Number of protein chains: 2
Amino acid sequence: MDDFRWLTPDQLQAWKKLVAVVELLPGVLDSQLQRDAELTHFEYFTLAMLSEAPEHTLRMTALAAITNATLPRLSHVATRLEKRGYIQRSPCPDDRRATNATLTPQGWDKVVATAPGHVTTVVDNVIDPLNARDIADLDRIMTKLLVPLDPENKFGSRDRP
Amino acid sequence: MDDFRWLTPDQLQAWKKLVAVVELLPGVLDSQLQRDAELTHFEYFTLAMLSEAPEHTLRMTALAAITNATLPRLSHVATRLEKRGYIQRSPCPDDRRATNATLTPQGWDKVVATAPGHVTTVVDNVIDPLNARDIADLDRIMTKLLVPLDPENKFGSRDRP
DNA sequence: GCTCTTTAGTTGTAGCGTCAATAGTTAATG
DNA sequence: CATTAACTATTGACGCTACAACTAAAGAGC
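Student: Can you help me understand the interface of chain B and chain A in this one?
Tutor: Put simply, an interface is often sized by how much accessible area is lost when its parts join up. Residue-level contacts link 66 residues of chain B with 65 residues of chain A. Roughly 6,500 Å² of surface becomes buried between chain B and chain A when both sides are summed, with 72% attributable to carbon and sulfur atoms. Between the two partners, chain B and chain A, sit 14 salt bridges. The partner of A:Arg133 in a salt bridge is B:Asp137, and the shortest N-O contact between them spans 3.6 Å. Counting the contacts that link chain B with chain A gives 16 residue pairs in polar contact (both at pLDDT 80 or more). Ranked by residues supplied to the side of chain B that touches chain A, first place goes to helix α1 (residues 9-37) of chain B with 18 residues. Per-class residue counts for the side of chain B that touches chain A are 39 nonpolar, 9 polar and 18 charged.

Encoded structure:
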């Protein structure tokens, strides 16, 4: 690490800043949501993805995919969200191995009540500091990064909405 | 979340991709380091920052700053790293409240041995997918994001190296 | 039809991070 | 000076995630 530079100075600098953002951003999102809604960002994002799904329902595997989560992680979170009455799980009729997760009316209300504060946090911390060109560049760069991070596009992160 | 768009489609898309990267990148870094060196990325980064410091020594607060960590987090990590013989803590002579963390020779060896594999992972997942313009854009955008994420520049993330 | 493999999901455990509380030290105020 | 406030660091408890092991059902090969 002393006299041999593995990354160029420009690369190293950009990398360190990316690391800083990756370390700091989750904390900012989590603490606002924890304070205002007693939800982690991942819990909120899970509810939000269900709220955008047809019939507010997705199979666990599909939900894990669009939330970029492993199945065990989602399963634990689903247990907690179900206990709190925000979602309900039911066996899938088509495939008896599968489970459907459905947003309950209370879950919908929770998303509706929580969204404004969360979006404000996102706007303040991510959208407002950037102009239109920055947003376009950010999108382009993140798309490129997701190729190796998610090689099979398993999580569908690179799809258009 | 249905008929009222809080973010424009472009903003929403860029935001979702940033979230995906923030969720996926730590796992990729952690699993390589865990597999090859039994180190978390944060542990490695902590050792690396010490390896670049004068006399391989930093005060806990300063170390927490450049690693973007809270003090309790660093304190726990320091306990583990000290037990494994990679760092040593000693009271600071100048300020009896303060503690200095110093990289041990074994800690230095660990960094030297671990760096190549880690850098390869970074290159494969972050540097190679991007061209020079992307790197410059990434640096510019991350710098802007760090303003609200780290308002007082407490962590020094925006400083030149 | 019967194995063998793959897929879907859950559960338990161990490890890491956050938060609140604490102790000890220094600086600021009157 | 004496008192209060602010800073530095650690600790313990609790919650969340990763990993491995496991159950159960669907598909593949013969």
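Student: Whenever I open this one, the protein's contact with DNA strand C confuses me. Can you help?
Tutor: Neighbouring residues of DNA strand C: 19 residues in total, closest A:Thr61, A:Arg89, A:Thr99, B:Arg73 and B:Arg97. Of what DNA strand C places within 4 Å of the protein, 69% of the atoms are sugar or phosphate. A distance of 2.9 Å is found between a phosphate oxygen of DNA strand C and a side-chain nitrogen or oxygen belonging to A:Arg89. Contact between DNA strand C and B:Arg96: a phosphate oxygen at 3.3 Å from a side-chain N or O atom of the residue. Counting only elements with at least two residues in the surface near DNA strand C, the list comes to α3 (60-66) and α4 (71-83) of chain A together with α4 (71-83) of chain B. The element contributing the most residues to the surface near DNA strand C is α4(B), with 5 residues. Residue composition of the surface near DNA strand C, grouped by class: 6 nonpolar, 6 polar and 7 charged.

Student: Can you help me understand the nonpolar core in this one?
Tutor: Note on soluble globular proteins: their nonpolar side chains tend to be buried together. Residues A:Trp15 and B:Trp15 are the most contacted members of the largest nonpolar core, which totals 49 residues. When near neighbours in sequence (up to four residues on either side) are disregarded, B:Trp15 contacts A:Leu25, A:Leu29, A:His41, A:Val122, A:Val126 and B:Leu7.

Student: Would you take a moment to explain the pattern of salt bridges for this structure?
Tutor: Where charged atoms of side chains with opposite charge meet at close range, the side chains can pair. All names here are of chain A. Under the criterion given, the structure shown has 30 salt bridges over all chains. When the shortest N-O distance is used, the salt bridge between Arg-97 and Asp-95 registers 2.9 Å. Exposure remark for Arg-97: the relative accessible area of 75% places this residue in the exposed category. By relative accessible area, Asp-95 is classed as buried at 18%.

Student: When you look at the protein's contact with DNA strand D in this model, what are you seeing that I'm missing?
Tutor: Every one of the 20 residues lining DNA strand D counts as a neighbour, but A:Arg73, B:Thr61, B:His76, B:Arg89 and B:Thr99 are closest to it. Counted by atom, the contact set of DNA strand D within 4 Å of the protein is 73% sugar and phosphate. Between DNA strand D and the protein, one listed contact pairs a phosphate oxygen with a side-chain N or O atom of A:Arg80 at 3.1 Å. Taking B:His76, its side chain carries an N or O atom lying 3.4 Å from a base oxygen of DNA strand D. Elements with a contribution of two residues or more to the surface near DNA strand D: α4 of chain A together with α3 (60-66) and α4 of chain B. Residues belonging to the surface near DNA strand D are distributed by class as follows: 6 nonpolar, 6 polar and 8 charged.

Student: How should I be thinking about the sheet that holds strand β2 (residues 87-91) of chain B in this particular structure?
Tutor: Strand-to-strand pairing in sheets goes through backbone hydrogen bonds, with the strands running parallel or antiparallel. Residues and elements named next belong to chain B. Read across the open sheet, the 3 strands follow the order β1-β3-β2; overall the sheet is antiparallel. Among the strands making up the open sheet, the edge pair consists of β1 (57-59) and β2. Adjacent strand axes in the sheet meet at a mean angle of 25° when their direction is disregarded. As paired elements, β2 and strand β3 (residues 99-103) share 5 bridges and run antiparallel to each other. In the sheet register, Arg-89 faces β3, and the bridge partner there is Ala-101. Sitting on the sheet, helix α2 (residues 41-51) touches β1, β2 and β3, and the angle it makes with β3 is about 90°.

Student: Got a minute to help me understand the side chain of B:Thr121 in this structure?
Tutor: As for its placement among the helices and strands, B:Thr121 is situated in helix α5 (residues 105-127). Sequence-distant contacts of B:Thr121, that is, excluding residues within four places in its chain, are made with B:Val28, B:Leu29 and B:Gln32.

Cut-off values and rules
- Residues numbered from 1 in each chain as written.
- Chains lettered and ligands numbered in written order.
- Predicted model: local features only at pLDDT ≥ 70, side-chain atom pairs only at ≥ 80, totals over all residues.
- Heavy atoms only, no water.
- Contact = heavy atoms within 4.5 Å.
- Buried area = accessible area lost by both parts, 1.4 Å probe.
- Salt bridge = Lys/Arg side-chain N within 4 Å of Asp/Glu carboxyl O.
- Polar contact = N/O pair within 3.5 Å; in protein donor to acceptor, adjacent residues only side chain to side chain.
- Helix = DSSP H or I, 4+ residues; strand = E, 2+ residues; numbered from the N terminus.
- Nonpolar A, V, L, I, M, F, W, Y, C, P; charged D, E, K, R; others polar.
- Near = heavy atom within 4 Å.
- Core = buried A, V, L, I, M, F, W, Y, C linked by side-chain atoms within 4.5 Å.
- Buried < 20%, exposed > 50% of the residue type's maximum accessible area, 1.4 Å probe, protein only.
- Pairing = 2+ DSSP bridges.
- Axes fitted to C-alpha atoms, helices over the stretch in contact; angles between N-to-C directions.

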